[in-house]
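Here are the chains, one letter per residue:
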Amino acid sequence: MLEFAEAHYTGRETLFVEVILPLAISKNYTYRVPFEKNDAVLVGKRVVVQFGKSKLYTAIIASIGKLAPEKYQAKYIIEVLDDRAVVTHEQLQFWNWLAEYYMCNVGEIMNAALPSALKLASETRITLNKDFEFDRTSLHDKEFLIVDALDIQPELTVSDIAKLLGQKTVMPILKLLFEKNIIHISEEVSERYKPRTRSFITLNPVYNNPDSLRELFGILEKRAPKQADAVLAYIKLSRTQKSISKTELIEESGAGASSIKSLEEKEIFITEERNVSRLFYEDDEIYSSFELSEQQQRSLEQISEEFKQKDVVLLHGVTSSGKTQIYIRLIEEMIATGRQVLYLLPEIALTTHIIERLRVYFGASIGIYHSKFNDNERVEVWQKVLNNEYKVVLGARSSVFLPFNDLGLIIVDEEHETSYKQFDPAPRYNARDAAIFLTNMHQGKVLLGSATPSFESYYNARIHKYGLVELTERYGGVKMPEIEVVSIAEETKKKTIQSHFTSVLMGNINQALEKKEQVILFQNRRGYAPVLICKICAYTPKCINCDVTLTYHKSSGKLHCHYCGYKEDAPQICPACGSTHLEYKGFGTEKVEDELSLILPAARIARMDLDTTRSRNSLQTILNNLEEKKIDILVGTQMVAKGLDFSDVTVIGIINADSLLKFPDYRANERSYQMLAQVSGRAGRRGKQGKVVIQTYDPAHRVIKQVIENNYNELYFTEMEERKGFKYPPFYRIINLAIKHKDPEMVYNQSIYLATELKKHFGDRVIGPEFPLISRIRNYYIRSIMLKFEKDGISINKAKTIIRDVITQFQTTKLSKGSIVQPDVDPY
């Protein structure tokens, strides 16, 4: 457990700091504080320390004391990097809880929590000793090259010298130069965060006088007309704005950078470099008003009432019921009290879409935080949250790590989404569950919102652990979409199916296009075709690193592994039997887009999946094009199912529902219902009733009927009976252990050993070891052990302690060599 202590120390007391290193080590490390830095150390500040033989790391001070470590001699901290703490006491407590609950190390939490620009890069830097005279003729060739280079450039890194000499190992040469007193070697830690600066132009005050300005124009118009245009543009811009950037002035005047530079040299313009925000909002506060419907107002009042008794409330509202407007009212109420709000979203896709809506109400007071931001932008948001400059933060799961001072409310939108769970690397946390603990620390509240709540949340609401508020009508009286189920088998038999599109789906698409309306098609598999197979010998190309077949991507012309990123050229001839009869089986979003463009050549078709949204602004471009009706048909994976709200989308096509329904997982029915209901909910959201076409080989499937009837309760009660019988959540807690090794025989023996040891403590609560669905990823073979714990039986904290002890004991044995053991708490 971390201990928190904060005090300012002065004088010649010997102080020690316990620090968190960004490494997967089970204990924090203790360092000694040099006397001159006694008054600089503070819990939550970053320090530079040496760990291991020579590596430098940025660490966070967790506690300060006067006791030296007993088992090792403490090294000195090298530098204190901050004037004030960058990590709060609440964050350190939160990190500690996450490490305990999710069975990982605090260093792994730190690694996930801090923006990478706050973690410093260490580089060994070389400089000449200018106080020492030496005979250059006595130097060897390589020594001379280094000294000569340092004459030209006063400071070089080791990597610079390695490139200069064309060899990897240069330390022996540098060591000789150092021993000859010719060079200095220093470990310098360089900050990766650099504030963004822009050049701003002001007119020299000498020309504030109208007569002086008139005289200046007279001279410039004759000798330098472009410079005169620049001055004129400056005067025009200065009438409407306080600050004028050099970029704006060049754009407005058309004068070019050289004209501006000449005016600077003549001291007519004065240039000033200023730090500016990397984020794209304006400083203006923009507000827009709206009226809640009667049911929305009633729900808002119920939420407020529930919050008086419960810390967590579940808002179960059908798709397009106006949950976002309720969120906005709650945010306004919380801001009025001076407290902060975190609005969590499962996907970056939703963040970019919803930010435009929320900025209308909150303007510059809203911050955004997600992984598509670069290092410097993430640091800037971090600092603004720390300084309490943001009233609202909108972000994906990593925003729970931000340094909030007074967090009054967390809204978890689409709380059922699996994207809130981090699967790799550690910490394998669920942001929804972490949010509940986080607000509890701040004495705040949590609102969970969803049209299809997770069974765990709904169960907690039904047993009155959470408050429950239901919103059963769509906003504005819009009807729920009409859902039609089409049998793929029947249409194939009748030969009315075109490629992967039934006649019913094509009919609805054509109708929508005639009315200038938009269509979304859902296929939960990216790429062109998931399998390439030889018709003669049934050969299928597989990944060299993973136990999966390769997926063909037409855009690259290659076969891709979606697990490790391996690629290879698609063969034209079977490498096994030499046959040229190769065919692609199955289909992904790329193939749907490709074949639809052949059937409907006039339609403007776009695709939204991981492949088309990799670059920073690509996702925003697709969403903007859809909003501006530059796209007729959008083909996408599950990204299209999550909270998108477009007024002219009236037809939704689910190309193949069976890929969801037939998945071998105890949550398959719950997830299928959620996905189908959420995708369907994108249709007819504003004034028009939408149409949903579900294509399937099993039209009578229970889950499809429940989706058509919008019967979440029937699904819930049916599934809960099965889960209770088979000992699954929410009645039982699950911890998975993944054992990995590059040798299949070793991983088999290691997993058997661990399972045997665990069974001594937990008996039949231990299931396995078994091979998972994909038994090799990135050249590591995998075996899984599942542990199920009843909620009213053994203490889960005691169970975790035993599991940790068993893993630690296993890691002391020779058998464990080369193994990786990864605990995953609440894995699904």
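Residues numbered from 1 in each chain as written. Predicted model: local features only at pLDDT ≥ 70, side-chain atom pairs only at ≥ 80, totals over all residues. Heavy atoms only, no water.

Chemist: Give me the overall build of the protein chain: which residues, what numbers.
Modeler: The helix and strand inventory of the protein chain stands at 25 helices and 33 strands. A total of 828 residues make up the protein chain; the buried ones form 53% of that total. Put simply, of all contacts in the protein chain between residues at least 6 apart along the chain, 74% involve residues at least 24 apart. Element-wise, carbon and sulfur atoms account for 49% of the exposed surface of the protein chain, whose accessible area totals about 39,000 Å². (Helix = DSSP H or I, 4+ residues; strand = E, 2+ residues; numbered from the N terminus. Buried < 20%, exposed > 50% of the residue type's maximum accessible area, 1.4 Å probe, protein only. Contact = heavy atoms within 4.5 Å. Areas by Shrake-Rupley, 256 points an atom, 1.4 Å probe, with all protein chains shown as cover.)

Chemist: I'd like a description of helix α24 (residues 744–762), backed by residues and values.
Modeler: For α24, with 19 residues, the first-to-last C-alpha span of 26 Å sits near the 27 Å given by 1.5 Å per residue. Along α24, the residues classified as buried are V747, Q750, S751, L754, A755, E757, L758 and F762. Along α24, the residues classed as buried sweep out an arc of 165° about the axis, all on the same side. The exposed residues of α24 that point more than 90 degrees off its buried face are E745 and K760. Against the buried residues of α24 lie β29 (732–741), β30 (766–770), β32 (780–790), α25 (796–811) and β33 (820–825). One side-chain oxygen of the residue at the start of α24 lies 2.9 Å from the amide nitrogen of E745, identifying that residue as D743. (Expected span 1.5 Å × (residues − 1). Arc of directions from axis to C-beta. Polar contact = N/O pair within 3.5 Å; in protein donor to acceptor, adjacent residues only side chain to side chain.)

Chemist: Go over the sheet that holds strand β1 (residues 15–20), please, and point to the residues and values.
Modeler: The five strands lie next to each other as β2-β1-β4-β3-β5, forming an open sheet whose pairing is antiparallel. The sheet is open, and its two edges are formed by β2 (29–33) and β5 (79–80), each paired on a single side. (Pairing = 2+ DSSP bridges.)

Chemist: How would you sum up the pairing of strand β11 (residues 312–317)? Please name residues and give values.
Modeler: Of all six residues in β11, six are buried; the element is thus mostly enclosed. Of the two faces of β11, the one holding V312, L314 and H316 and the one holding V313, L315 and G317 are both buried throughout. Relative to strand β16 (residues 445–450), β11 runs parallel, the two sharing five bridges. Paired with V312 across the bridge in β16 is V446. When β11 meets strand β17 (residues 467–471), the two strands line up parallel, connected through five bridges.

Chemist: Describe in detail the sheet that holds β11, supporting the description with residues and values.
Modeler: The parallel open sheet is built from seven strands, whose spatial order is β13-β14-β12-β15-β16-β11-β17. The sheet is open, and its two borders are formed by β13 (366–369) and β17, each paired with just one other strand. When strand polarity is set aside, the average angle formed by the axes of neighbouring strands in this sheet is 20°. (Axes fitted to C-alpha atoms, helices over the stretch in contact; angles between N-to-C directions.)

Chemist: For the nonpolar core, give the residues involved together with the corresponding values.
Modeler: Formed by 154 residues in total, the largest nonpolar core has its most connected members in W95 and I803. The greatest single-element share of this core, amounting to seven residues, is contributed by α25. Residues contacting W95, with those up to four places away along its chain left out, are I20, I60, V87, V106, I109, M110, A113, L114 and F401. Residues Y207, L216, A228 and A230 belong to the second largest nonpolar core, which totals 22 residues. (Core = buried A, V, L, I, M, F, W, Y, C linked by side-chain atoms within 4.5 Å.)

Chemist: Can you lay out the packing of helix α7 (residues 225–238) against helix α8 (residues 246–253) for me, pointing to particular residues and giving the numbers?
Modeler: Their axes nearest at 9 Å, the elements α7 and α8 cross at an angle of 115°. Here α7 lies roughly perpendicular to α8, going by the angle between them. Viewed along their axes, α7 and α8 form a crossing whose handedness is right-handed. Contacts from D229, A230, A233, Y234, K236 and L237 of α7 reach α8 at E248, L249, E252 and S253. Its residues assigned to classes, the contact of α7 with α8 comprises five nonpolar, one polar and four charged. (Parallel < 35°, antiparallel > 145°, perpendicular 65-115°, else oblique. Left-handed = near helix turned anticlockwise from the far one by under 90°. Nonpolar A, V, L, I, M, F, W, Y, C, P; charged D, E, K, R; others polar.)

Chemist: Help me get a handle on the pairing of strand β28 (residues 691–696), residues and values and all.
Modeler: The buried fraction of β28 amounts to six of the six residues, a majority that puts the element mostly inside the structure. Where strand β18 (residues 482–487) and β28 come together, six bridges link them in parallel fashion. Bridged to V486 within β28 is Q695.

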